[in-house]
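The lines below spell out each chain.
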Amino acid sequence: MVWGTDLWDQYDVIDKHTQSGLDLVERYIKFVKERTEIEQNYAKQLRSLTKKYYRRGSKEEQECRYSNHASFQDILNELNDYAGQRELIAENMMTGICVELTKFLQDLKQERKSHLSDAKKAQQTLESSFKHLESTKKRFAKEWAEAEKATQQADKTESDPNATKPDVEKARQHAHARTHTAEECRNDYAAELQKYNKEQNLFYYIEIPQFFNKLQEMDERRIRRLAGGYCQFSDIEKKVLPIISKCLEGISAAGGKVDEKQDSMLLIEQHKSGFEQPGDVEFEDYSHGIKPATSESSLNAPKVRAKLWPFGKKHKITHVEKHMPPPAEDFSHLPPEQRKKKLQAKIDDIAKELQKTQDQSDALEKMRGVYEQNPQLGDPSSLEPQISETSQNIGRLRGELTKYETWLSEAMGGEESVHTINNDAQISVLSEQLESQHLYSEFDDEFDDVQTPIGQCKAIYTFEGNSEGTISITEGEQLSVMEDDKGDGWMRVLKANGEEGYIPSSYVKLVS
C-alpha cells in the first residue's frame with residue numbers, strides 16, 4: 001500500500017498527517033528535556049544531601065574510626081556516586097535523544113517542505129495548462145460560430161435575386177475565410193487538448209505518486225527514528241544500571257561491615273583509664289573515743305577517697321583552669337592506659353624520624369666517601385656542615401627516644417618495654433658500625449672507564465641530584481645500571497642522554 005496510488009487525491013490529508021508527525025517528534029523532544037531536568041535536579045539534591053551529612057574535621061574523623069560511623073560515610077560516598085550516574089543519564093539523554101532528534105527534525109521539515117512545494121508547483125503547472133486549453137476551446141467555439149454565420153450569410157446572399165454576382169462572390173469568400181480560421185482554431189484546440197491530457201496523465205500517474213511516495217518514505221523514516229528515540233529512553237538508563245547496582249551493593253556492604261563488638265573494643269582501647277575499681281569503704285569506729293594525738297593515725301592525714309563517679313556531670317572549665325600550665329611532657333596527667341598509648345605513639349614517631357635522619361646521614365657519609373675517592377666529583381669538606389647538623393639531630397633524637405622509653409617503662413610498672421619500634425636500637429648500633437668501618441671504599445671506580453650496563457631499572461620516584469656526583473632522575477625514567485647497590489643504599493646509573501652518576505637505590509625498580 002502506497003500513498004501515491006491509494007491517496008493520490010488526498011493532498012490535504014497527507015499535508016496534515018505529515019505535519020502531525022513532526023509535531024509528535026517535537027513534543028517528544030520537549031518531554032525528554034523535562035526528564036533530563038528532573039534527573040539533574042535529583043542528582044543535585046542528592047549531592048547536597050550527602051554534603052550536608054558528610055563528616056569533616058578532627059572530631060568527626062575520630063568518630064569515623066568506629067565501624068557504624070565509617071559505614072555511614074561509605075553510604076554517603078556511594079550515594080554521591082549514584083548521583084553521578086543520574087547526571088550521566090541526563091547528559092546522555094540530552095545529547096543522544098534531544099540534540100540528535102532536533103537535528104533530524106529540522107532535516108525532516110526541510111524535506112517535507114520541498115516535497116509539498118514540488119507537488120504544488122506541478123499542480124499549478126497543470127492548472128495553467130488547463131486554463132490555456134479552455135482558452136483555445138473558447139476561441140475555437142467562437143470562430144466556428146462565426147464561420148457558420150458567414151456561411152449562412154453567403155447562402156442567403158446567393159439566394160437573393162437582387163444580389164449581384166460580386167456581392168455573392170464577396171460573401172462566399174468571407175464565409176470561406178471564416179471557415180478556414182475556424183478550422184485552424186479547431187486544430188489548435190485539438191493539439192492543446194492532446195498536450196493537456198498528456199500533462200494530466202504525467203501529473204496523476206507519475207509526479208503526484210512520486211511526491212506522495214517520497215512523503216510516505218519520509219514519514220516512515222520519521223516513525224522509525226522516533227521509535228529508536230523511545231528505545232533510547234530506556235537503554236540509556238539500562239547502561240548505567242550495573243554501576244547503580246554496584247552503588248546499591250556498596251551501601252549494603254557498608255551495612256554488613258558494621259561490627260558492634262569491634263566498636264565496643266575500640267571505645268575501650270581509646271578511653272580505658274587503667275584505674276582499678278574502688279574497693280569497699282572501711283568502717284571507721286568512733287565508739288572508743290578519739291585516739292591520742294601521739295597515735296600514728298593523728299600523725300598522718302586521713303586518706304581522701306578519689307571520687308570516680310561514672311555518671312558524674314560534665315566538668316565545667318573554670319577561669320583558673322583555662323590558665324593552667326599545659327599537659328606534662330611525660331603524659332603523667334593522663335590515666336595509666338592512655339598514658340602508655342601516648343608514650344608508645346611518641347616513641348614510634350621519634351623512631352621514624354630517627355630512621356629518616358639516619359638514612360640521610362648514611363647518604364651524606366656515602367657522598368663524602370665518593371668525593372674522597374673521586375676528588376673531581378666534589379669537595380668532601382663541603383658536606384661537613386650537613387653531616388654535623390645531621391649528627392646533632394641523631395644525638396638529639398636518640399636522647400628523646402631514651403627519655404620516652406624510660407617513661408614508658410615507668411608507666412608499665414618497671415617492666416621492660418617491648419621495643420617494637422622498627423628496631424631503633426639496632427639501627428643506632430648499625431649506624432655507628434657503618435661510620436667506624438668506612439664502608440665507602442667500594443666507590444673508587446672512575447666514571448670515565450668504558451663499562452657495559454649490568455641491568456636496567458625504572459625510576460619510581462623523582463630525585464633531585466643537587467650534590468656533586470649525583471644526578472637527577474624523573475619518575476618513570478628508564479635507566480641503565482652501571483654499578484649495583486653494595487649495601488650502602490646507592491647505585492650508579494647511566495641516563496639516556498649519557499649523563500652518569502649516583503642515585504638512591506630505593507628510588508628505582510629493577511626491570512628484566
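The rules behind these values
Residues numbered from 1 in each chain as written. Predicted model: local features only at pLDDT ≥ 70, side-chain atom pairs only at ≥ 80, totals over all residues. Heavy atoms only, no water. UniProt positions renumbered as here; feature names shortened; annotations may be inferred. Helix = DSSP H or I, 4+ residues; strand = E, 2+ residues; numbered from the N terminus. Buried < 20%, exposed > 50% of the residue type's maximum accessible area, 1.4 Å probe, protein only. Contact = heavy atoms within 4.5 Å. Pairing = 2+ DSSP bridges. Axes fitted to C-alpha atoms, helices over the stretch in contact; angles between N-to-C directions. Phe/Tyr/Trp six-rings, centres within 6.5 Å; stacked < 30°, edge-to-face > 60°. Polar contact = N/O pair within 3.5 Å; in protein donor to acceptor, adjacent residues only side chain to side chain. Core = buried A, V, L, I, M, F, W, Y, C linked by side-chain atoms within 4.5 Å. Expected span 1.5 Å × (residues − 1). Bend = angle between axes of the 7 residues up to and from the residue. Salt bridge = Lys/Arg side-chain N within 4 Å of Asp/Glu carboxyl O. pLDDT = per-residue confidence, 0-100. 1 Å grid on protein atoms, 1.4 Å probe; cavity = no way out; pocket = protein on both sides within 12 Å on 5 of 7 lines; lining within 4 Å. Points joined across faces, edges and corners; volume = space filled by probe spheres on them. Nonpolar A, V, L, I, M, F, W, Y, C, P; charged D, E, K, R; others polar. Parallel < 35°, antiparallel > 145°, perpendicular 65-115°, else oblique. Left-handed = near helix turned anticlockwise from the far one by under 90°.

- Going by an unreviewed UniProt entry, the chain carries the name Cdc42-interacting protein 4 homolog and comes from Gouania willdenowi.
- The UniProt entry for the chain carries the following comment under Sequence similarities (unreviewed entry): "Belongs to the FNBP1 family."

1. Some remarks on the overall build of the chain
Now for step 1: Along its length, the chain carries eleven helices and five strands.
Now for step 2: Expressed as a percentage of its 512 residues, the buried residues of the chain come to 30%.
Now for step 3: Partitioning the intrachain contacts of the chain with sequence separation of at least 6 by distance along the chain shows that 73% fall at a separation of at least 24.

2. Considerations on the pairing of strand β4 (residues 500–504)
Now for step 1: The element β4 is extensively covered by neighbouring structure, given that four of its five residues are classed as buried.
Now for step 2: Pairing of strand β3 (residues 490–494) with β4 involves five bridges; the strand directions are antiparallel. By the bridge assignment, V493 is partnered in β4 with G501.
Now for step 3: Between β3 and β4, which pair antiparallel and follow one another directly, the connecting turn spans five residues, one of which, G498, has a positive phi of 95°.

3. Examining the sheet that holds strand β2 (residues 478–483)
Now for step 1: Read from one edge of the open sheet, five strands run β4-β3-β2-β1-β5, paired in antiparallel fashion. Only two strands of the sheet have a single neighbouring strand rather than two, namely β4 and β5 (508–511). Direction aside, neighbouring strands of the sheet carry axes that sit 45° apart on average.

4. Concerning the packing of aromatic side chains
Now for step 1: One pass over the structure, following the stated rule, counts 13 aromatic pairs.
Now for step 2: Aromatic pair F140 and W144: ring centres 6.2 Å apart, planes at 40°, arrangement tilted. Of this pair, F140 and W144 are both found in helix α4 (residues 67–159), four residues apart, which corresponds to roughly one turn of the helix.
Now for step 3: On the basis of relative accessible area, F140 is assigned to the buried category, the value being 18%.
Now for step 4: Overall, W144 belongs to the partly exposed group, its relative accessible area being 30%.
Now for step 5: Pairing F463 with W490 gives two aromatic rings, centres 6.2 Å apart and planes at 75°, and the pair type is edge-to-face. Of this pair, F463 sits in the loop between β1 (455–459) and β2 while W490 sits in strand β3, and the two are 27 residues apart along the sequence.
Now for step 6: For F463, a relative accessible area of 14% gives the class buried.
Now for step 7: The exposure class of W490 is buried, given its relative accessible area of 6%.
Now for step 8: Ring-pair connections join several aromatic residues into one group, and the members of that group are Y28, F31, Y230 and F233.

5. Some thoughts on the UniProt feature "coiled-coil region" (unreviewed entry) in the chain
Now for step 1: As annotated by UniProt and renumbered to match this structure, "coiled-coil region" (unreviewed entry) occupies residues 340–374.
Now for step 2: As a span, residues 340–374 carries 97% helix and 0% strand, and end to end its C-alpha atoms are 50 Å apart.

6. A few points about the side chain of R86
Now for step 1: Residue position: R86 is located in helix α4.
Now for step 2: A residue is classified by how much of its surface remains accessible, and R86, at 7% relative accessible area, is buried.
Now for step 3: A polar contact is formed between the side chain of R86 and the side chain of E237, at a distance of 3.2 Å.
Now for step 4: In this view, R86 contacts R35, E39, Y42, A43, E237 and I244; residues no more than four positions away in its chain are not counted.

7. A few points about the nonpolar core
Now for step 1: Membership of the largest hydrophobic core comes to 40 residues, with the highest contact counts inside it found for I97, F212 and L215.
Now for step 2: Of all the elements in the fold, those that place two or more residues in this core are α2 (11–53), α4 and α5 (165–256).
Now for step 3: Discounting residues that sit within four places of it in the chain, I97 has contacts with Y28, V32, N92, T102, G229, Q232, F233 and I236.
Now for step 4: By size, the runner-up hydrophobic cluster in this structure holds 21 residues, among which are V481, W490, M491 and Y502.

8. Considerations on α4
Now for step 1: Taking 1.5 Å per residue, 93 residues should reach 138 Å; α4 reaches 135 Å between its end C-alpha atoms and fits that length.
Now for step 2: At M94, α4 shows its largest bend, some 30°.

9. Structural notes on the pattern of salt bridges
Now for step 1: The full count for this structure, using the stated rule, is 22 salt bridges.
Now for step 2: E217 is paired through a salt bridge with R221; the nearest N and O atoms lie 2.9 Å apart. Taken together, the positions of E217 and R221, both in helix α5 and four residues apart, correspond to about one turn of that helix.
Now for step 3: The exposure class assigned to E217 is partly exposed, which follows from its relative accessible area of 37%.

10. As for the environment of A190
Now for step 1: Structurally, A190 can be placed in helix α5.
Now for step 2: Among the residues examined, A190 registers a relative accessible area of 42% and is labelled partly exposed.

11. Examining the confidence of the model for the chain
Now for step 1: Residues with a pLDDT of 70 or more make up 83% of the chain, whose mean pLDDT is 80.
Now for step 2: Confidence drops under pLDDT 50 across residues 318–324; counting only partners more than four residues distant or on other chains, this segment forms three contacts.
Now for step 3: The model gives residues 414–449 a pLDDT under 50, and that stretch makes 55 contacts with residues more than four places away or in other chains.

12. A few points about the layout of surface pockets
Now for step 1: Here the second largest pocket is characterised by a volume of approximately 560 Å³.
Now for step 2: Around the second largest pocket sit 21 residues that line it, and D359, Q360, A363, W490 and P504 are the ones nearest its centre.
Now for step 3: Looking at which element gives the most residues to the lining of the second largest pocket, the answer is helix α9 (residues 336–373), with seven residues.
Now for step 4: A class-by-class count of the residues in the lining of the second largest pocket yields seven nonpolar, nine polar and five charged.

13. A closer look at the packing of α9 against helix α10 (residues 384–411)
Now for step 1: Running from amino to carboxyl end, α9 crosses α10 at an angle of 160°, the nearest separation of the two axes being 9 Å. One element, α9, and the other, α10, form an angle in the roughly antiparallel class. As for how α9 packs across α10, the hand of that crossing is left-handed.
Now for step 2: A breakdown of the residues in the contact of α9 with α10 according to their chemical character gives 13 nonpolar, eight polar and twelve charged.

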